[in-house]
Amino acid sequence: MSSTTRKKGAFAHLITQLMKLPSIGRKSAQRLAFYILKMSSEEASAIGQAIIDIKEKLSFCEICNNLTEEPVCTICTDPKREGTKVLVVEEASTLYSIERTGEYRGLYHVLLGTLAPLSGSEISGEAVKKLIARLEKGKISEVIIATNPTIDGESTSIYLTRLIQPLGVTVSRIAFGIPVGIDLEYADEVTLIKSLQGRRVIEQT
Ligand SMILES: [Zn+2]
């Protein structure tokens, strides 16, 4: 095999691999592959190593499924967190977004997916079992469901509510509505309906 053929093979192989990532089509994969080709060997190796590292060093928290380098994550082991509240998210990325706000001091539970009635795929039974086991211990008094406002996210919320309420735990759903800074005139119908449903009484000052 000539070195040109080998190169072409390696290039096509990288494109195929990159296309496995979400939102990456052939064109984007090709653009990324060209970009990587132009990088220094050190830079390109750093990307490769970072991918190897997350697979080797990171795993899911035994309690909440957050990403962690230890068996239990730093949120679950933090004694300063409010141990009576659990906020349920689809993916750890949402957990990080909420953490960045600094508004929430309770615990989390990451589902690692949703109940997907349209695609017919099952929610991770293991993740739900873990959540119910946590609730059965009796310390948690409120579960805040923060799944996405999509059909799958809503179905997951209904499914979890039905499972959790009989355990005597309060279930709440985060409010959805108008993004800050937009004109109401431009909000779509579903968003307007959701914002009306999620309205709250303004406390007297
Ligand atoms: Zn955890």
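Keep in mind that this is a model prediction, so the values were computed, not measured.

S.K.: Teacher, can you tell me more about the sheet that holds strand β5 (residues 142-145) here?
M.R.: Across a sheet, strands are paired by hydrogen bonds formed along the backbone, either parallel or antiparallel in direction. On the basis of which strands lie adjacent, the open sheet formed by four strands has the order β4-β3-β5-β6 and parallel pairing. Of all strands in the sheet, those bounded by a partner on one side alone are β4 (106-110) and β6 (170-173). Here the strands of the sheet are splayed against their neighbours by 25° on average, with no regard to which way each runs. Here four bridges tie strand β3 (residues 82-89) to β5, and the two strands are oriented parallel to one another. Residue Val86 lies in a different strand from β5, and its bridge partner there is Val143. Against the sheet, helix α4 (residues 92-101) touches β3 and β4, its axis set at about 160° to β4.

S.K.: How should the coordination of the zinc ion be read in this particular structure?
M.R.: Metal coordination angles have textbook ideals: 109.5 degrees for a tetrahedral set of four donors and 90 or 180 degrees for an octahedral set of six. At the metal site, the zinc ion is ligated by Cys61 (SG), Cys64 (SG), Cys73 (SG) and Cys76 (SG), and these contacts range over 2.3 Å. What the four donor atoms of the zinc ion show is an angle range of 104 to 116° at the metal, which sorts the shape as tetrahedral. Every donor residue of the zinc ion comes from the same chain, spaced as C-x2-C-x8-C-x2-C. According to the relative accessible area criterion, Cys73 is buried, its value standing at 1%.

Here is what the cut-offs are and how they apply
- Residues numbered from 1 in each chain as written.
- Predicted model: local features only at pLDDT ≥ 70, side-chain atom pairs only at ≥ 80, totals over all residues.
- Heavy atoms only, no water.
- Pairing = 2+ DSSP bridges.
- Helix = DSSP H or I, 4+ residues; strand = E, 2+ residues; numbered from the N terminus.
- Axes fitted to C-alpha atoms, helices over the stretch in contact; angles between N-to-C directions.
- Contact = heavy atoms within 4.5 Å.
- Donors = N, O, S within 2.8 Å, 3.2 Å for Na, K, Ca; no water.
- Tetrahedral: all angles 85-135°; square planar, octahedral: opposite > 155°, others 65-115°.
- Buried < 20%, exposed > 50% of the residue type's maximum accessible area, 1.4 Å probe, protein only.

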